[in-house]
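A look at the structure
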Amino acid sequence: MRITSRNARFQQWESLLSNRNKRQRLGEFLVQGVRPISLAVEYGWPIHALLHDTGRRLSGWAAELLRTASVDTEVVAMAPELLAELGEKNEDAPELIAVVGLPADDLGRIPVRDDFLGVLFDRPTSPGNIGSILRSADAFGAHGMIVSGHAADVYDSKSVRASTGSLFALPAVRVPSHREVAAWRAEHPSVRLVGTDEHGDCEVFDFDFTQPTLLLIGNETSGLSTAWRDLCDYTVSIPMTGSASSLNAANAATAVLYEAARQRIAAARDA
């Protein structure tokens, strides 16, 4: 297929960039970049379509991806100015854009093991923060991420870009409220729910993160809601010096995840 005008098909894909309801209804979202697309393929995500530039010689990576695409994957040649719009770039079009299928929002996608480490982000307002926390969770050995409340979306293009591909390696599940997580936790009673709070029960260094843990990160402005605080088994604080009164949500999550990974590595070495 070739698309050289802003036809209905193009407009449908364009709507995936900014319209959460359209993404949900169509069951797909857009992905660009060598690493993210490669990881989506590696981890078996359904690739509905591959869109490439009609006026550009493809790299070996892109040519091989098109050559080995599944019979269920539509290959579409697109005018460069249209591809640039879908890539949210003013001038240069990305070499390739993938239209990827959405997975189910099922907490069963997140594996719970004896060494479980997960992250929950309560009512995020910034899709970039979602992607950044996904990236940190992936880097420091977490097994999954939960995003609660109707706020910023995991599959927003800013979140997808900020995750730099970790979205495809780490299960991320959206839930409407704390109730779904409370029911999930009842099935996994060994998991400790640990919230971050400037007035925590202890400092992050003094908490034992070698036990199965779900780390709760609050909304960027108001922190954890009362419902989530009531679910917490413990709260931890991050000691800080200087004039800063708080950390960005993604930075706070990264700091605690690093400490959890440090403790687990040290425990494994001492075993």
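Criteria and thresholds
- Residues numbered from 1 in each chain as written.
- Predicted model: local features only at pLDDT ≥ 70, side-chain atom pairs only at ≥ 80, totals over all residues.
- Heavy atoms only, no water.
- Domains from an automatic or database assignment.
- Contact = heavy atoms within 4.5 Å.
- Buried area = accessible area lost by both parts, 1.4 Å probe.
- Salt bridge = Lys/Arg side-chain N within 4 Å of Asp/Glu carboxyl O.
- Pairing = 2+ DSSP bridges.
- Helix = DSSP H or I, 4+ residues; strand = E, 2+ residues; numbered from the N terminus.
- Axes fitted to C-alpha atoms, helices over the stretch in contact; angles between N-to-C directions.

In the annotation of an unreviewed UniProt entry, the entry for the protein chain reads TrmH family RNA methyltransferase, and the organism field reads Kitasatospora kifunensis.

1. A closer look at the domain arrangement of the protein chain
Its domain assignment divides the protein chain into domain 1 (2-101) and domain 2 (107-270). Taking the mean C-alpha position of each, domain 1 and domain 2 sit 31 Å from one another. Contacts between the two partners involve 16 residues from domain 1 and, on the opposite side, 16 residues from domain 2. With both chains or domains summed, domain 1 and domain 2 bury close to 1400 Å², and 53% of this area falls on carbon and sulfur atoms. Considering only the side of domain 1, the residues that lose the most area to domain 2 are Arg20, Phe29 and Trp45, jointly responsible for 40% of the buried surface there. Where domain 1 meets domain 2, there are two salt bridges. Arg23 is the salt-bridge partner of Asp153, the closest N and O atoms lying 3.0 Å from each other.

2. Details of the sheet that holds strand β2 (residues 28-32)
Taken together, the five strands give an open sheet; going across it, the order is β1-β4-β3-β5-β2, and neighbouring strands pair in mixed fashion. Only two strands of the sheet have a single neighbouring strand rather than two, namely β1 (2-3) and β2. Of the strand pairs in this sheet, strand β3 (residues 47-53) and strand β4 (residues 74-78) are connected by five bridges, and their pairing is parallel. From the neighbouring strand, Leu50 faces β4, where its bridge partner is Val75. Contacts between helix α1 (residues 8-18) and the sheet are confined to β1, β2, β3, β4 and β5 (96-101), with β2 contributing the most and set at about 80 degrees to the helix. Across the face of the sheet, helix α4 (residues 60-67) comes into contact with β3, β4 and β5 while running at roughly 40 degrees to β5.

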